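Each chain is listed here by its residues.
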Amino acid sequence: MLYSLAPPSIFDPASREADRLYALDVYFIVASLAVLLLVIGLLIYIVLKFRAQPGDEEPRQIGGNRKLEILMIGGPTVLVAIFFYLTVTTMRAVHPPAGNRSPDVVINGRQFWWEASYPGTAVTTANEIHLPVGRTLLLQLRAADVIHDWWVPTLGQKMDAIPGQSNHLWVTIKKPGIYDGVCSEFCGAQHAWMRIRVVAQPEAEYRRWLQERGQSARTPAGGTALTGAHIFKNATCGNCHRVRGTDASGNAGPDLTHFASRKTMLAGMLPNTKENVRKWLQNPQAVKPGALMPQFKYPKDSLNALVDYLVSLQ
Ligand code: CUA
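Each value, and the rule that gives it
- Residues numbered from 1 in each chain as written.
- Predicted model: local features only at pLDDT ≥ 70, side-chain atom pairs only at ≥ 80, totals over all residues.
- Heavy atoms only, no water.
- Buried < 20%, exposed > 50% of the residue type's maximum accessible area, 1.4 Å probe, protein only.
- Helix = DSSP H or I, 4+ residues; strand = E, 2+ residues; numbered from the N terminus.
- Contact = heavy atoms within 4.5 Å.
- Axes fitted to C-alpha atoms, helices over the stretch in contact; angles between N-to-C directions.
- Parallel < 35°, antiparallel > 145°, perpendicular 65-115°, else oblique.
- Left-handed = near helix turned anticlockwise from the far one by under 90°.
- Pairing = 2+ DSSP bridges.
- Domains from an automatic or database assignment.

Asks: I would appreciate a short explanation of helix α5 (residues 274–282) in the present structure.
Replies: Every α-helix winds through 3.6 residues per turn, so residues three or four apart in the chain are directed the same way. Along α5, the residues that are buried comprise Asn276, Val277, Arg278, Trp280 and Leu281. The secondary structure elements touched by the buried residues of α5 are β11 (264–265), β12 (270–271), α6 (284–287) and α7 (300–312).

See the structure below:
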């Protein structure tokens, strides 16, 4: 299964930043509940205790009560001050300025997928974003077309990705695992299928991943995959897609250098299988309406060769 049935929750924090936000959430929930119960409790008490009885006289009329007024204004003021302080300290801890530090990963929101590139390396990937655990990472968020919004609930806060602007997020992931998220700003027809998957790995494993993904694509040794590589070249796929080590250097669509190493395709919509790749190439709009992938009409054996080439890009 691609996604677990239990949606990712802010009550299951997996990063140090998410821990802080979770603590703040709990304070707010507890305080809100306490106020709610106090108000309802007092209301019930007063209704029962001061209920009109047969033969009651007109109650004594009073105007103004200094003590009560101090309590009613002072109580909420103190509460608001406490929560203002807690919120500001949490914001400062979770979201300090990025300063001059260069980001560990640049994430670019696009219709309808996420591009991730790793500065200082040749690696660019899509949707499945590998990150190391145990160190504080700086994620830079950009957008290529319209506003998107990055949100992996278990890893902490949301952040808008805005064209022409660069936002940032800090994240210190506590343990290896898979953390799913979604685009959280309506961005067009396939907004709902703009998933995020963070693959958090121990440092050594992450370094190995980075090193492997930094290599150029292997040219198929022969067979239909090699035929597919020629078709890929001649069908102008390279105007939009990059395959490092070949002429294909477009950057309108996802980098396909290591396409087959990804577990999902179309921003988490489908498992990355040969059959799904074929369906997609055959009629992209039937699979993901509104996606920017054009439909090419391939003869059947060309289509098969192209699929063989794509699944060879490990
Ligand atoms: Cu991208 Cu919604």
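Asks: Please clarify how the packing of helix α1 (residues 16–49) against helix α2 (residues 66–94) should be interpreted in this entry.
Replies: A pair of packed helices can be characterised by two numbers: the angle between their axes and the separation between those axes. Viewed as axis vectors pointing N to C, α1 and α2 meet at an angle of 170 degrees, and their least axial separation amounts to 9 Å. Classified by the interaxial angle, the pair formed by α1 and α2 is roughly antiparallel. Crossing angle aside, the handedness with which α1 passes α2 is left-handed. Where α1 approaches α2, its residues Glu17, Arg20, Leu21, Leu24, Tyr27, Phe28, Ala31 and Val35 are matched on the opposing element by Leu79, Phe83, Leu86, Thr87, Thr89, Thr90, Ala93 and Val94.

Asks: Can you walk me through the pairing of strand β1 (residues 105–110) in this structure?
Replies: On a regular strand, one side chain projects to one face of the sheet and the next to the other, so that they alternate. Extensive coverage of β1 is indicated by the burial of six of its six residues. As paired strands, β1 and strand β5 (residues 136–143) are joined by five bridges and run parallel to one another. Bridge pairing links Val106 to Gln140 in β5. Hairpin remark: β1 followed by strand β2 (residues 113–117), antiparallel, with two residues in the connecting loop.

Asks: Can you walk me through the domain arrangement of the chain in this structure?
Replies: Size of an interface, as often reported, equals the accessible area lost when the parts are brought together. Once the domains are mapped, the chain shows domain 1 (16–48 + 67–94), domain 2 (105–200) and domain 3 (223–310). Computed from C-alpha coordinates alone, the two centres of domain 1 and domain 3 are separated by 54 Å.

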